[in-house]
Amino acid sequence: MDEEDQEGPRDVVSGSGGLWDHVHLSTDHHTEDEGSHQEPPLPPDLDWLEELSEEDDGDGDLVVEADYGQKRSYAETARMFKLRRNLDQLDSFHRQKEHDVLRAREELKLCRENVKSLEEQRDTLEEKIDQQKAADNSVAVFRLRTQHKHLCQKLQSEEELEGHLNIELKQLKLELNEVEMELSRFSSLRQEVQEEERLFQDLKVQKAATRLQQERQATQNLQLKIRHLKDKQVTMKKKEELECQRKIEERQANRKIATKYLKETIKRMHQEEAEKEEQKRQLLEKRIQAVKSLKANIAATQESLRIQQNRAKANAQEKEEQQKQLRKSLEAQGINSIRHMHQQKQLETIKQKQEEFEERQKSKKVIVAKIIQEEQLVKSRKRHQAKLPNISSTDKLSSLGRVRDNLLHYLDPRPPSATEERATAQWRETSGISSSSSASSDGEDPEENMRQEVDHLSPADSLAQPEFSGLWDEKYKSPLNLKTTLVQTEVKQEEAALSSGKLNVPVKKVHGKELKGPPFISKPEVLLFKDFEVQKIYKKKIVLTNTSYITNHCKLVGVSAQLKDSISINFEPPGSLPAGMSCDVQAVFQPMINEDLEGDVHFSSAAGPFSVPVRCTIKKCELVVDSELVDFGSHVVGQTISRTITLTNKGALATLFSLDTSTWLSPESHHVQMPSQVSHAHTCQETSSQNTTCGIQKSSEEIQTKQESQELCEASQQEKPDEESEVLAAGPQAIPEACVSTNAEPQVDECPEDTCDISLGNVREGEIGPFESIKLEVVFTPTVPGEAKLDFHIKFSNQSSKPIPIYVRGIAVSIPVWVVQPTVDLKICMFNRLYQDTVVVHSRASTALKVTFDVCPEMRKHMEILPKTGFIQAQSSLNAQLKFLPRRSLSKDVKKYFDSDTGVLEVPVTVQVAGQVQPVHFTVQAVVTSSDLQFEQTEVDFGVCSIYQSVKSSIRLTNLSLLPQDFGFLGVPEFIEVQPNDGFGTLLPQQTLDMDLIFSANKAREYNFQLTCKSGINRDFLLSCRAVGVCPPLELSHSLIQFGATALGDYSTTIIDLINPHVNRNQSKQSVTPVIKDVKTPEAPRLFSFTLPEDSDISITPSAGRLLPGQRCQVQVTFRPRLLEHEIREEVLRVLHRAKLLREKELEMNRLSEQETTKEIPVEPSKGKKTSTNLKNSKMSDDPKTDQQSESSNPVDIQPGSEQYEQARASLLCSFTQRCSDFIVPCFISEGDPPDDDRQAPPAWSAFNTLYLKLQCPAVQPSLMGISNNGHNIIDFHQVAVGQKVIKKFTIQNISNESLDLRTSVLDIHGPFSLLNAPRCMRPGEKHTLLLALSPGLEKTYCETLDIHDHKMTLEVTLRGEGVVPAVTSSHPGGLLDFGCVLEKESTSQVLKLQNNSTVAVGFMALLASLSPSRLQGGADSVAVLLGGYADSQVQPIVGTQNYSGLSVFSVVPVEGSIAPGQSQDITVTFQPDHPSVNYSDKLTIQLMNKSKVCVMDLKGAASSHNTYLYGGDALTVPIESLLPPLITSQTQPTAESEVMSDPSIPVLVSLRALCSGGAITPAVRELQVGCIRSTQSNKKSGEFYWENVASLQQQGFSIEPSKGTVEAGHTRTIRVTWSPQSGYKPYEVVQTCVPLTVKGDERNIYRVTLMALVSNSAD
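Residues numbered from 1 in each chain as written. Predicted model: local features only at pLDDT ≥ 70, side-chain atom pairs only at ≥ 80, totals over all residues. Heavy atoms only, no water.

A. Main features of the pattern of salt bridges. Scanning the model with the defined rule gives 45 salt bridges in all. With a shortest N-O distance of 2.5 Å, R1134 and E1131 are connected by a salt bridge. Of the two residues, R1134 and E1131 both sit in helix α17 (residues 1125-1160), three residues apart, roughly one turn of that helix. A residue is classified by how much of its surface remains accessible, and R1134, at 33% relative accessible area, is partly exposed. For E1131, a relative accessible area of 7% puts it in the buried group. Here the salt bridges do not stand alone but share partners, grouping R79, E192 and E196 into one network. (Salt bridge = Lys/Arg side-chain N within 4 Å of Asp/Glu carboxyl O. Helix = DSSP H or I, 4+ residues; strand = E, 2+ residues; numbered from the N terminus. Buried < 20%, exposed > 50% of the residue type's maximum accessible area, 1.4 Å probe, protein only.)

Dropping the structure here:
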């Protein structure tokens, strides 16, 4: 480290010397070349000064006249700055060297002190070594020598360090001297530089004055403009206010109308919701029923599976037993059983293969026969068409229909109708076909198999045995079957009667006339409920008319059994009805199940019974098509023909449909008879034989499972009984599914949909609604000559709707050569781009053909086909290459085929075929479009931009092409940014895209550049841009602040820096001309000021200030979102308006109710009263309206903090969603300080020095809200007495949709505020109350902030309060409060007054020592008094005698309370003893809540059992009562005063002590008190007393005055007893005598007073 420190200064000095050599050389060079006027080049670090001088050369502001009259050149200015820099460096070197020398001296001094201390330690060790040697302690000597050795080493190293430091100090001094010499050499140069700097400073002052004058002129112009602009704004504002008032009136009128319709809409919506709920309930019930039925089906299926498994096990066991028996029998015969069984299996396999081969041969014969028959039919149809060329359309359709019918017998597996099946069955029965015997024999096999299966399923043979016998036995089946047959016959009879359309009524004769038909006819004749829905109610009216010849009556008998649960009849018998009269009957139908219902409503009349039929039908599907046969006729190959089939739903139930091209349907066509069996017997034989073989191969399990699946399918589809009967009527001729599928396979493979020329349209499935029609398209595109056909079915999701078969036929005719694509579509093409495609030409000829492609002459410049001529081989094709290159001249060259407006090109191309008269044509289609991209403006001017800010300019880029084009801005300079997607993207056809150009100047200069936009096809589009960059004197650390989502009531804070750079900056100045000149700005203090937008939630601290050069200022930006004032007032108006409407509605209802009551009450007796009440009501009804109107019409009167205002604010907080605001805050910067001569003048400001701070402030809904204290978050405790504790509540509510886990900030533990309860987790909508307390300890104002945190926001609660020292005075100064003597069980009271002289309410407490919990319990205090001795008679306990009842003798009312400021409080102290005693005492303390005492009083009192008493004398007992209860003592306790006792006299002791001092004796004086208590209990109102033997007392020196007297009630008399020693008195002799004192009141008491006197020298 020392070596490095030594080398560092040398390097610095050498560097400085080299630098100053350069200075000398540049100075000499300048002086030598002064006459040549050539200035030397500056070093690289001063190039900026050269640029500055070049730009300022034409301004003249920096040019001053020197002494020699020449201009200062930039070289001189550069020389000045260079010299100043080098001089400053040399000064810094000098200071560094001085510091190094001082540091070296300090180190040397420290080193010398260390050497000196080490030498002293060495001398001390040497002395110790000598001492230890003398003591012959070798161990100590060895240890000390080791220490001495180490110490000598340290001393040596320190000496070496001292020498090294000496050398270093010398070297540093030498270097310092060199630097000082250098400084002395440049002293003259320093003076020269200072003079140049002074001149340069004067130049800057002149420049600043000129610029200040220009800025003032600009400011005046700007003020004029602002004044004119303000006038315009005032006029515009007035117009806007008028327009706004008009719009508000219109809005109010529209709102009234909208409210009316809104109520209707809401009412309708409620009705719809109720209907939907009802539908949901019905759907739920249906689903429940479906689930129940599904459970039942599952249970039945499980049972059947169990039966099948048991049967399969039984069959397997039987087979095993048969095989075992066969083996045993063969082994018994001596035959090899295994070999024999193997041979039998091989024979069965061979036989089975032979049967399969025969079946295949038969099916092939059938196919060949069908093909031959089809060819014959085609030939016959052609001959028939040739003979009849001009037949009508109807004849043609009929003939086609006949041909179709003949073809369908052989080709189509269409299920025949019921009538066809019946006709076929009759024809089979009557026909005498020779092969019927074999066919019938084969046809009876399936029936026998079915019978065998039924026998297997009989209960007798079933393996599933019931657990117990029941109703399923045969003996119970016959009655049930009989009953069901009877019911069926009745139903059939009813159906027959209903089908005839007449009611079964017996024929009667009335008045000789025969009555035909029913006695009453109904209108309508049949009560029809069509397309009903479950759980809905339908009502219909029936009119019954009497058609008999007599007066008749009718009576409702009832409805059919099947309608009882669904239909109710409302019928009131009309009585007798004459002929021709009618009556009404209402039928209410509420279906509970979704089934068709039929029945009758039965009536009875005098002419006989009659009924009205009822029909209830559910929603059904009735699906029909307009034609089942589509015949395209003959068409040339390559054409496309379409036909439309209309599918119509005539029913009220929607269903899903789908087109199925498979030729066989399942499971509805299991029993459909093939038409081929009718015409050919051998076909029927083959089919039946196949069926037989199939049935033999199937196992019994497969048959059973198939039958069960068929039963389940039939149950789900709800097939009609007549269909089942028709299927059963087919008998053994019905072909099973397996047999039909074998016959249908060749037809399916014959024309599949994917390879057939006939195809279906796009609509192949969908939904057809009630009473709707759907068009189904069938397309015929012949590709192969010949006949094409397609058979498909339209299937429906509704189980009751049968599939509809559709038959499509068409014939294709071919030509030898054709083009695969008759239209070559090149789609959309661009100019000057090459596009290619392939043209494929096919030939079906048997020889090669020559083809030539002919393009029209106009298109040969743009289109070419290669090869132009070619040969197509036999049965082959030719591929030609089509090249299309559209040029710009296309619109001129091909006007016939090209539309320049739309860009559509259609060019016909001909293919000439050798030997073919008709050429082949195809068309080339294309849409030709441009590839241009266009800018909306050709030049972008960004204007003036600060280097710390960015300027955005928007441009519009349009794609003029019909194709999407990729684009990108390439080679973008670093100071420009293109958005979005960094200038890359895709433009859709004819799309215009808005793009942003963001310019960020990196230097203060002019910018002229071009942006290049390159398209996807490598085309360039240029955009010129220009801008001017300026440099403000101050800079911001961040120009964009993005606050996080801040809740209302919360705040977000960030800190940025505002910097005044210490280095010199360039500053641009605005001029009228577009040329911008850069000037050098001197370092100077800058004033700044942030201007906040009006009514914003932003605060900036500090908003203004002054920055010195190189100084940095921290600026705090705070975002506090809040509700706007006008929003709250608008919400208040809305609330008031709603309240007004509700009040008007309520008044209207009250008025209507009053009108109803007035109608009911008679008018005459209370006429006057009614008018008065009506007047009162009218007045009361008018007052709220006027008040409400006044409130609503004056929103300005709504004061912040009012109840309405806070309610509106809370409502807006709860409904607030989010709000995002962007603010741009300008920071204006001055040119410098105000002038020195006028500091009050405003500083100069420049618009180009302005900085802009962008703020993005998103506000969201708060999760917490304070709902107490009118929504304010300030809790003011106001003034609180010092030491007193005041608690206030603050309620918060969770208004978010999620639970909040709250936490609070920590209050100052030494402060007066405290939080008494902790926050907790709050669910949405929950409220929580915080208890906050203030307990001030000093007289000052307190303020603290409590933060309530959750994960979203922080709710600030401000706590404020002021501590006040209470000033309370008492009317009693304290001390003794004597109540005197009262009768026992009576009370007396005294009143104290407390006055509160402070400005705050003060709480107080009245504390009695007897009720204090800290008092000693029991008689402990009494014992302490007793043990303390009885020498002093004045000893009294604090708490004396108490009542026997346990109640306190003294009571205080009130015990505690609060005194308002400036008010007083009376405190009543009551004394109420329950037994006689003179030792009643207590201590009363009046204490404030802060534990300070107002006054302390000793309470004292006495009680007597009579109205007279004697008080005074010496105490004969202890000052407290005995610890024993009074019930144990046999004698009463003697006291010193007169109490009524059972004894005849009461002893009283009066001791008299005369004082002897200086030979003179002072007489002794004592006083006794005789009192009379004022009481209502005693009849005697006064008392009297008298002494006996007074004369004898005078002989002993005693005198008593008065000796007798009377005492008024409520007063006392003082008896004075005086003793003077008589002559002959011996010193220290005690004179004692006893005198009786009689006191009379309500009773007579005698006191035996003992007078004891002596002379004493002490005054105690």
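Text resumes after the structure shown.
B. Region of interest: the sheet that holds strand β53 (residues 1286-1294). Read from one edge to the other, the open sheet built from four strands follows the order β51-β53-β58-β56, with strand pairing classed as antiparallel. One side of each edge strand has no neighbouring strand; the edge strands of this open sheet are β51 (1264-1266) and β56 (1313-1315). Averaged over all pairs of adjacent strands, the angle between strand axes in this sheet comes to 30 degrees, irrespective of strand direction. Two strands pair when backbone bridges link them, and β51 and β53 are joined in this way by three bridges, in the antiparallel orientation. Across the sheet, L1264 pairs through a bridge with N1294, a residue of β53. (Pairing = 2+ DSSP bridges. Axes fitted to C-alpha atoms, helices over the stretch in contact; angles between N-to-C directions.)

C. Local environment of a negative patch on the surface. On the surface, a cluster of negative charge is contributed by E119, E120, E159 and E160. Within the residue set of the negative patch, elements represented by two or more residues are α3 (74-134) and α4 (138-185). With respect to the secondary-structure elements, E160 resides in helix α4. (Patch = residues over 30% accessible without salt bridge, like charges linked within 9 Å, V, L, I, M, F, W, Y side chains within 5 Å. Areas by Shrake-Rupley, 256 points an atom, 1.4 Å probe, with all protein chains shown as cover. Lys, Arg positive; Asp, Glu negative; His and termini not counted. Charge placed at Lys NZ, Arg CZ, Asp CG, Glu CD.)

D. Focus on a positive patch on the surface. A cluster of basic residues, K324, R327, K328 and K345, forms a positive patch on the protein surface. In terms of residues, the positive patch owes the most to one element, helix α5 (residues 187-333), which gives three residues. Along the chain, K345 falls in helix α6 (residues 337-387).

E. Up close: α3. Taking 1.5 Å as the rise per residue, α3 with 61 residues should run 90 Å; its terminal C-alpha atoms sit 90 Å apart, in good agreement. Immediately downstream of α3, the backbone of D136 shows phi near 55 degrees, a positive value. (Expected span 1.5 Å × (residues − 1).)

F. Fine view of the packing of α4 against α5. Their axes nearest at 4 Å, the elements α4 and α5 cross at an angle of 50 degrees. Comparing their axes, α5 and α4 come out oblique. Contacts from L183, S184 and R185 in α4 reach S187, S188 and R190 in α5. In terms of residue class, the contact of α4 with α5 is made up of one nonpolar, three polar and two charged. (Parallel < 35°, antiparallel > 145°, perpendicular 65-115°, else oblique. Contact = heavy atoms within 4.5 Å. Nonpolar A, V, L, I, M, F, W, Y, C, P; charged D, E, K, R; others polar.)

G. The arrangement of the packing of aromatic side chains in detail. A complete count under the given rule lists 24 aromatic pairs for this structure. Their ring planes at 10 degrees and their centres at 5.2 Å tell us that F603 and F610 sit as a pair that is stacked. In terms of burial, F603 and F610 fall into one category: buried. Measuring from ring centre to ring centre gives 6.5 Å for F999 and F1009, while their planes differ by 15 degrees; the resulting arrangement is stacked. On the criterion of sequence distance, the pair formed by F999 in strand β36 (residues 992-999) and F1009 in strand β37 (residues 1006-1015) is long-range, its members being ten residues apart. According to the relative accessible area criterion, F999 is buried, its value standing at 0%. Given a relative accessible area of 11%, F1009 falls into the buried group. A connected cluster of aromatic rings, assembled from ring pairs, spans F942, F975, F999, Y1007 and F1009. Looking at R1120, its charged tip hangs above the ring of Y1051, at a distance of 4.6 Å from the centre. (Phe/Tyr/Trp six-rings, centres within 6.5 Å; stacked < 30°, edge-to-face > 60°. Lys NZ or Arg CZ within 6 Å of the ring centre and 35° of its normal.)

H. Highlighting the pairing of strand β26 (residues 877-884). The side-chain alternation of β26 yields one buried face, formed by L878, A880, L882 and F884, and one unburied face, formed by S877, N879, Q881 and K883. Direction of pairing for strand β22 (residues 835-843) relative to β26: antiparallel, over a ladder of eight bridges. Each residue of the ladder has a partner; that of V839, found in β26, is A880. In this structure, strand β24 (residues 863-866) lies alongside β26, joined through four bridges in antiparallel fashion. Paired with L866 across the strands is Q881, a residue of β26.

I. Looking closely at unusual backbone geometry. Here the amide bond leading from V1453 into P1454 is cis, since omega sits at -5 degrees, within 30 degrees of zero. For P1454, the position within the fold is in the loop between β65 (1450-1453) and β66 (1456-1459). Cis geometry marks the peptide bond from E1601 to P1602; its omega dihedral reads -10 degrees. Along the chain, P1602 falls in the loop between β75 (1598-1601) and β76 (1604-1608). Notably, K827 is not glycine yet its phi reads approximately 60 degrees, a positive angle.

J. Looking closely at the sheet that holds β22. Reading across the sheet, the four strands line up as β20-β22-β26-β24 and stay open at both edges, with antiparallel pairing between neighbours. The sheet is open, and its two edges are formed by β20 (817-819) and β24, each paired on a single side. For this sheet the average axis-to-axis angle between neighbouring strands, irrespective of direction, equals 25 degrees.

K. Geometry of α5. Between its first and last C-alpha atoms α5 spans 152 Å; for 147 residues at 1.5 Å apiece the expected length is 219 Å, and the helix comes up short by more than 12%. Two residues or fewer past α5, G334 is found with a positive phi of approximately 85 degrees.

L. Representation of the packing of α3 against α5 in the model. Where α3 contacts α5, the axes come no closer than 10 Å and their chain directions differ by 125 degrees. By the angle between their axes, α3 is oblique relative to α5. Note that α3 runs across α5; the crossing there is left-handed. In this structure, α3 contributes E76, T77, R79, M80, F81, L83, R84, L87 and D91 to the contact, and α5 contributes L189, R190, E192, V193, Q194, E196, E197 and F200. Each residue belonging to the contact of α3 with α5 can be placed in one class, and the counts come to seven nonpolar, two polar and eight charged. (Left-handed = near helix turned anticlockwise from the far one by under 90°.)

M. Region of interest: the environment of Q1622. Inspection of the secondary structure puts Q1622 in the loop between β77 (1612-1619) and β78 (1631-1640). On the accessibility criterion, Q1622 (40% relative accessible area) is partly exposed. Sequence separation of Q1622 and Q1596 is 26 residues, and the distance between their C-alpha atoms is 6.8 Å. Ignoring sequence-local partners within four residues, the contact set of Q1622 consists of Q1594, Q1595, Q1596 and G1597.

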